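The lines below spell out each chain.
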Amino acid sequence: MNILVINCGSSSLKYQLINSDSEEVLAKGLVERIGIDGSQLTHTPAGKDKVVIKEDIPDHNKAVKLVIDALVDGSHGVIKSLSEIDAVGHRVVHGGEKFNKAVLVTDEVMKDIEELSSLAPLHNPANLIGIRSCQTNMPGTPNVAVFDTAFHQTMPEKAYMYGLPYEYYEKYKVRRYGFHGTSHDFVSKHAAELIGKDRKDLKIIVCHLGNGASVSAVQNGQCVDTSMGLTPLEGLIMGTRSGDMDPAIVDFICQKEGITAAEMNTVLNKKSGVYGLSNYASSDFRDLSELEESGNKYAKLALDTYCYRVAKYIGSYVAAMQGVDIIALTAGVGENNYRARRGICDYLGYLGVTVDDEKLKIRGEDLIVSTPDSKVTVMIVPTNEELAIAKQTVELV
Ligand code: ADP
């Protein structure tokens, strides 16, 4: 089956057309600056040069139309007609407590996703627009919603409740949901396969370290805890997000700087993390690693603090599961960045972890980096959220 995977943001749309049988990516691309000056589509067909189409793209409907046109185009297209797309899989950020697995989109599902928008005001409305645009442009083609939160719905109450008045949970559903679920699910399953075991028999910690970053504890195949919370701001120090901190800092800085809580929220999401810590040098780990080597003390501080936080989360999840068999690192930083991998593994000796330093330098492939005598298997597992979405879509159609 050919599955079109769509990840719709407020002003962007990422897509991949995947043949689910061969797992081959037939084409992928990105529409940027939807509704903003300078909008464009970058389309990359497999085995051919990428094409950039600069055009006025006022809304997501037009964006989806351009993507479809590119896919069936005579020169840079990869299919002859739309009928070759069997279904569309959409990444939907927030499924609340309603969705613990992917679902076929119906009118009722659309209504539920809309109602959950108060929990993810930047993301769910954009995801809905993406689904509607596909319904308009590809009538009759089934759409499937795959939720970022679904995999974490198995967390026990003690892991998802905050130490807040219970009424906030009852009235507003304030609790931990967790995100990157598709990735944590995919990576934990694949990590178990790589050592020839079933994840039902294992305790696995997955560290998804990208621009956004989160850790999850997966015990006997089910998520039992994760670091992101009501929103994707909690937990690890990220590219530009603060992660955990004393909540009283919000009021303190609002008073000192004369800003509103909403403005502070923007600071915590866009100007914090390793970007803020490095004195706004960069949020990119390639830049930070180079800056540190050239003696930049802020870059060193950012990287040291980042690795320390990841190591503390790993320790807390070892406690939560009373042990660990596999620690898997994934996403941009986990798959590529030696500095962060080394910095994290340096804390793990107490678990009986020993790693091969040369292997820590290899990039972007499935790889066991711990030595054969290590008490815990440490591995790099490249994530593939698009393929995971495509597979879940196939299951439902
Ligand atoms: P997201 O999907 O959350 O936007 P990614 O998973 O692509 O993020 O991760 C982005 C991060 O990965 C960036 O900080 C970047 O520095 C890091 N990264 C990506 N490629 C490399 C590389 N080749 N070497 C070092 N770091 C890399």
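Residues numbered from 1 in each chain as written. Predicted model: local features only at pLDDT ≥ 70, side-chain atom pairs only at ≥ 80, totals over all residues. Heavy atoms only, no water.

Visitor: Can you tell me about the pairing of strand E1 (residues 2–8), naming the residues and giving the values?
Guide: Of all the seven residues making up E1, six are buried; the element is thus mostly covered by neighbouring parts of the structure. Of the strand pairs in this sheet, E1 and strand E2 (residues 13–19) are connected by seven bridges, and their pairing is antiparallel. Considered in E2, the bridge of Cys-8 is made with Leu-13. Counting the residues that bridge the hairpin from E1 to E2 gives four residues. With four bridges joining them, E1 and strand E6 (residues 87–92) adopt parallel strand pairing. In the strand pairing of E6, Leu-4 is matched with Val-88. (Buried < 20%, exposed > 50% of the residue type's maximum accessible area, 1.4 Å probe, protein only. Helix = DSSP H or I, 4+ residues; strand = E, 2+ residues; numbered from the N terminus. Pairing = 2+ DSSP bridges.)

Visitor: Quick one: what's the story with the packing of helix H2 (residues 107–115) against helix H3 (residues 124–137), residue by residue and with numbers?
Guide: Relative orientation and spacing of two packed helices are given, respectively, by the angle between their axes and the distance between those axes. Closest axis-to-axis distance for the H2/H3 pair is 9 Å, and the angle between their directions is 155 degrees. Classified by the angle their axes make, H2 and H3 are roughly antiparallel. For H2 against H3, the interelement crossing comes out left-handed. Seen from H2, the contacting residues are Met-110, Ile-113 and Glu-114; seen from H3, they are Asn-124, Leu-128, Ile-131, Arg-132 and Gln-135. Classifying every residue of the contact of H2 with H3 by side-chain character gives four nonpolar, two polar and two charged. (Axes fitted to C-alpha atoms, helices over the stretch in contact; angles between N-to-C directions. Parallel < 35°, antiparallel > 145°, perpendicular 65-115°, else oblique. Left-handed = near helix turned anticlockwise from the far one by under 90°. Contact = heavy atoms within 4.5 Å. Nonpolar A, V, L, I, M, F, W, Y, C, P; charged D, E, K, R; others polar.)

Visitor: Quick rundown of the sheet that holds strand E5 (residues 51–54)? Include the residues and the values.
Guide: As summarised here, the arrangement of the eight strands in space is E5-E4-E3-E2-E1-E6-E8-E7, forming an open sheet in which the pairing is mixed. On the outer flanks of this sheet lie E5 and strand E7 (103–104), each paired with one strand and no other. Of the pairings in the sheet, the one linking E6 to strand E8 (residues 143–147) comprises five bridges and is parallel in character. Among the inter-strand pairings, His-90 is bridged to a residue of E8, identified as Ala-145. Running over the sheet, H3 touches E1, E6 and E8 and is turned about 170 degrees from E6.

Visitor: Requested: an account of the pairing of strand E12 (residues 326–330), with residues and values cited.
Guide: The element E12 is extensively covered by neighbouring structure, given that five of its five residues are classed as buried. Residues Ile-326, Ala-328 and Thr-330 line one face of E12 and the alternating positions Ile-327 and Leu-329 line the opposite face, and both faces are buried. Across five bridges, the pairing between strand E9 (residues 203–209) and E12 is parallel. Among the inter-strand pairings, Ile-204 is bridged to a residue of E12, identified as Ile-326. Bridge count between E12 and strand E14 (residues 377–380): four bridges; the pairing is parallel. Of the residues in E14, the one forming a bridge with Ile-327 is Val-378.

Visitor: Could you give an account of a nonpolar patch on the surface, with specific residues and numbers?
Guide: Taken together, the side chains of Met-1, Leu-104, Leu-396 and Val-397 define a hydrophobic patch exposed on the protein surface, amounting to about 290 Å² of accessible area. Inspection of the secondary structure assignment puts Val-397 in the segment after helix H15 (385–396). (Patch = residues over 30% accessible without salt bridge, like charges linked within 9 Å, V, L, I, M, F, W, Y side chains within 5 Å. Areas by Shrake-Rupley, 256 points an atom, 1.4 Å probe, with all protein chains shown as cover. Salt bridge = Lys/Arg side-chain N within 4 Å of Asp/Glu carboxyl O.)

Visitor: Which residues make up the sheet that holds E12, and what are the values?
Guide: Strand order in the open sheet formed by six strands is E11-E10-E9-E12-E14-E13, with mixed pairing between adjacent strands. Strand pairing shows two members of the sheet lacking a second neighbour, strand E11 (222–226) and strand E13 (367–368), which therefore form its edges. Here seven bridges tie E9 to strand E10 (residues 213–219), and the two strands are oriented antiparallel to one another. Each bridged residue has a counterpart across the sheet, and for Ile-204 the counterpart in E10 is Val-218.

Visitor: Tell me about the environment of Leu-329, residues and numbers included.
Guide: Summarising the element assignment, Leu-329 is placed in strand E12. Looking at Leu-329, the relative accessible area reads 1%, which means it is buried. Excluding its chain neighbours within four sequence positions, the residues that come into contact with Leu-329 are Cys-207, Gly-334, Arg-341, Met-379, Ile-380 and Val-381.

Visitor: Talk me through helix H10 (residues 285–293); I want residue IDs and the actual numbers.
Guide: Inspection of H10 places Phe-285, Leu-288, Ser-289 and Glu-292 among the buried residues, and these make up the whole buried set. Each buried residue of H10 sits inside an arc of 100 degrees when the element is viewed along its axis, so together they form one side. Exposed and facing more than 90 degrees away from the buried side of H10 are Arg-286 and Glu-290. Regarding H10, its N-cap is Asp-284, as a side-chain oxygen of that residue lies 2.8 Å from the backbone nitrogen of Arg-286 further along. Taken from the residues just after H10, Gly-295 is the one with a positive phi, measuring 100 degrees. (Arc of directions from axis to C-beta. Polar contact = N/O pair within 3.5 Å; in protein donor to acceptor, adjacent residues only side chain to side chain.)

Visitor: I'd love a proper account of the nonpolar core, names of residues and values included.
Guide: Membership of the largest hydrophobic core comes to 44 residues, with the highest contact counts inside it found for Ile-205, Cys-207, Leu-209, Tyr-306, Ile-314 and Ile-327. Breaking this core down by element, the ones donating at least two residues are E9, E10, H10, helix H11 (297–321), E12, helix H13 (338–345) and E14. Counting residues per element, this core draws most heavily on H11, at 11 residues. With sequence-adjacent residues up to four places away left out, Ile-314 is seen in contact with Ile-205, Cys-207, Ile-327, Ile-344 and Leu-348. In this structure, Ile-18, Val-146, Leu-202 and Ile-389 belong to the second largest nonpolar core, which totals 29 residues. (Core = buried A, V, L, I, M, F, W, Y, C linked by side-chain atoms within 4.5 Å.)

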